[in-house]
Number of protein chains: 2
Amino acid sequence: MSNITIKELALKLNLSAATVSRALSDSYQISTATKQRVWDLAKKLNYEPNPSASTLRSHKTKTLAVIVPEIANNFFSQAINGIEEVSRQHGYHVLIYQTHENSEIEAAFIKSLVSGRVDGVLISVSSETNNKDHFTELNKTIPVVFFDRALDNMEAVKITTNDYESAYNATEHLIECGCKKISFLFALNNLSTGKNRLNGYIDALTSNNIAYDETLIINCDKDENQNYSHIKDLLTKNKPDGLISSIEELVLPCYAICEELNINIPDDLKIVSFSNLKTAPFLNPSLTTITQPAFEIGITAATLILKLLNKKQVDTNEVVVLKSDLIERGSTAVKKN
Amino acid sequence: MSNITIKELALKLNLSAATVSRALSDSYQISTATKQRVWDLAKKLNYEPNPSASTLRSHKTKTLAVIVPEIANNFFSQAINGIEEVSRQHGYHVLIYQTHENSEIEAAFIKSLVSGRVDGVLISVSSETNNKDHFTELNKTIPVVFFDRALDNMEAVKITTNDYESAYNATEHLIECGCKKISFLFALNNLSTGKNRLNGYIDALTSNNIAYDETLIINCDKDENQNYSHIKDLLTKNKPDGLISSIEELVLPCYAICEELNINIPDDLKIVSFSNLKTAPFLNPSLTTITQPAFEIGITAATLILKLLNKKQVDTNEVVVLKSDLIERGSTAVKKN
DNA sequence: CTGTTAGCGCATTCAC
DNA sequence: GTGAATGCGCTAACAG
């Protein structure tokens, strides 16, 4: 801890602590000469204000909390990147919490944040969460902004992507590629993020006059082994020629199963996956991805919450929808949507 | 902010604030009955202690700072995952800062952290950094633990991986695969992390009686375009049959260049890269990776700093070295080192 | 076992 | 323009 305090600065400058405090915050009440003296000494002695004392007095922490299911995830780490970027530019600090998709851990974090540790919270909710009580409670005291995964029935600022549309387009893309039997790996079943993706898939099928077949939709959850065997069943029995995965985590099992079953990708089975592994289609031309603008989502979410904190005019119910890209790669070409 | 304070609890319970404070921290001085009354009311009223007030008084923040070059990076995000995990289990909060390999931003963060915002700092230094002044200054006031990228000439707790050995093994692996002309993409030139990787490569060559050829070593830096053209030159003129990339970021340009030049991977050129993209060899069998135990590094770093904070006996000069895996994938097999 | 008192460092109100 | 006084919420020393 830098031991130097306002009091000590005041002492050395023959000023009162109040004057030094005001000078440091560039108050109009202080003469330019005094300000300069204060700034010079502060710089010389490496003065750094004590954040706890400052917060205790001013009720401003200059800190944001970010709650995500996982940090080691291509989407979330890119989003956090954007959030940190904006925060740094505005002198804000960023606290990170991960829930591992566990709504109890999530609730505990949320509860602990009402104590004035942060000025605002950016959250992408766990896939299990359906109780919004903690959130409404928290939102009474500080601004909360949801990104990517929001609670359906909650009024709050939300940043999402065009999940429905991008799943629709991806499905149509597979149809245009000649797929007749397209399956869907359904994850985030509890959230509108997941449901929208499913609905985009279903609607694309029906509007292209393809019979909607429930057995082609696999419900996926946290149990990796179960997911694996369900997908394996699907590929063995139903033999789809196209597949859409609603989360990146399921791509690898798909590849493993195809190898096991001697299914050739993409000749026998074309795969499209929601994924922010931007290098995926380049390392492996047979994979097409729906890539969310994760960094921009982070930027947008952080910018919005800072506006809320600065009492700028923001619709506290605003929903921002950004667009995903469909990234495909043949031998050389790279397409974007 | 949860408005309820110790004072209010005290008032409602006909106790003094001091007693309530002691009861909340489960002090041995307080009767079980009183403790229970306090806990019950605290729970009922959703009391959450004000962290600023607590810190101001106790000089403990229960917060760690993590400084990394990039969050959206497979290695660092996995390391942060481990750090967050340990921190949560011990009731610590985690602040994230990214330097984008800029030592000025890094220095500014370090400077701002002497003010008592955190109890300790976990850092992986920027590739530009060679001035250790800020670090020694900071380390006087709070513990600093370096992970993966440390400053050479600084006495501190460090967690690293066996960079020399893993580069050595990877090079020997390529030799065993029949490569005669192995090139090396040299990055992190300023850090021992990078230098050790280079030396492992060089020593593996010489101890296998392969002439050491400087033109096969490409100096890479932040300038992506320059890296690209240098690598392209290498592949065009020198036509190596093996390549080791000392960072993950250079793999994609390599693939792009090979495609451009009609070089077949792995038939014409075998590539091994330091990379924590764990899915890489699975999505693309032609890539072999040296994968660092990022999560374990995070776990270890966090555990160590918590020990330091709790004045446990820790050698303040301790260096922990964890081991990377060489992950290769033929048609079906997966090897580990 | 519990209460009283004091002060962490800062920002704000009120004086002059 | 500047200073003196006050209190944010908590914990620790001292007292009993």
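In every chain, residue numbers begin from 1 and rise along the written sequence. Following the order in which they are written, the chains are lettered starting with A and the ligands numbered starting with 1. Where totals are concerned, whole chains, interfaces and linings use all residues; where local detail is concerned, this predicted model gives features only for residues with pLDDT of at least 70, and gives and counts side-chain atom pairs only at 80 or more. As a rule here, side-chain values come from all non-hydrogen atoms in the structure, and water together with hydrogens is ignored.

Residue and element names in this part refer to chain A. Those domain boundaries reflect an automatic or database domain assignment. You can read the domains of chain A as domain 1 (6–49), domain 2 (58–161 + 294–322) and domain 3 (163–293 + 325–332). Summarising the inter-unit geometry, the C-alpha centres of domain 2 and domain 3 are found 29 Å apart. Taken together, the contact between domain 2 and domain 3 spans 22 residues of the former and 16 residues of the latter. Two parts placed together each lose some accessible area under a 1.4 Å probe, and the buried area is that loss summed for both. In total, about 1500 Å² of surface goes out of reach between domain 2 and domain 3, with carbon and sulfur atoms giving 40% of it. Here a salt bridge means any side-chain nitrogen of Lys or Arg lying within 4 Å of a carboxyl oxygen belonging to Asp or Glu. Viewed at the interface, domain 3 and domain 2 are joined by two salt bridges. We note a salt bridge from Asp-152 to Lys-195, for which the minimum N-O separation is 3.5 Å. Definition of a polar contact: a pair of N or O atoms within 3.5 Å, with one able to donate and the other able to accept a hydrogen when the atoms are protein atoms, and with sequence-neighbouring residues admitted only if both atoms are side-chain atoms. If you look at where domain 2 meets domain 3, you find 15 residue pairs in polar contact (both at pLDDT 80 or more). In this description a helix means any DSSP run of H or I spanning at least four residues, a strand means any run of E spanning at least two, and both kinds are numbered starting from the N terminus. It is helix H13 (residues 294–309) that provides the largest number of residues to the side of domain 2 that touches domain 3, a total of four residues. Three categories are distinguished: nonpolar for Ala, Val, Leu, Ile, Met, Phe, Trp, Tyr, Cys and Pro, charged for Asp, Glu, Lys and Arg, and polar for the others, with Gly belonging to the last. When the residues that make up the side of domain 2 that touches domain 3 are grouped by side-chain class, the tally is seven nonpolar, nine polar and six charged. Contact criterion: two residues are considered in contact whenever any of their non-hydrogen atoms come within 4.5 Å of each other.

Taken together, the contact pairs 53 residues of chain B with 53 residues of chain A. Summed over both sides, the interface of chain B with chain A buries roughly 4800 Å², with 60% coming from carbon and sulfur. Connecting chain B to chain A are 16 residue pairs in polar contact (both at pLDDT 80 or more). Contributing elements (two or more residues each) for the side of chain B that touches chain A: helix H4 (51–58), helix H5 (74–89), strand S2 (93–98), helix H6 (103–112), helix H11 (251–260) and helix H12 (280–283) of chain B. Residues that form the side of chain B that touches chain A fall into these classes: 22 nonpolar, 23 polar and eight charged.

What we call a nonpolar core is a set of buried Ala, Val, Leu, Ile, Met, Phe, Trp, Tyr and Cys residues that are connected through their side-chain atoms within 4.5 Å. Each residue is placed in one exposure class: buried if its accessible area under a 1.4 Å probe, protein chains only, is under 20% of its type's maximum, exposed if it is over 50%, and partly exposed if it falls in between. Ranked by size, the top nonpolar core spans 131 residues in total, and within it Val-121, Phe-146 and Tyr-201 of chain A together with Val-121, Phe-146 and Tyr-201 of chain B carry the most contacts. With residues up to four places along the chain from it excluded, the contact list for Tyr-201 of chain A reads Ala-167, Tyr-168, Thr-171, Ile-182, Ser-183, Phe-184, Leu-216, Ile-217 and Ile-244 of chain A. Counting 60 residues, the second largest nonpolar core, distinct from the first, contains Ala-294 and Leu-308 of chain A together with Leu-64 and Ile-305 of chain B.

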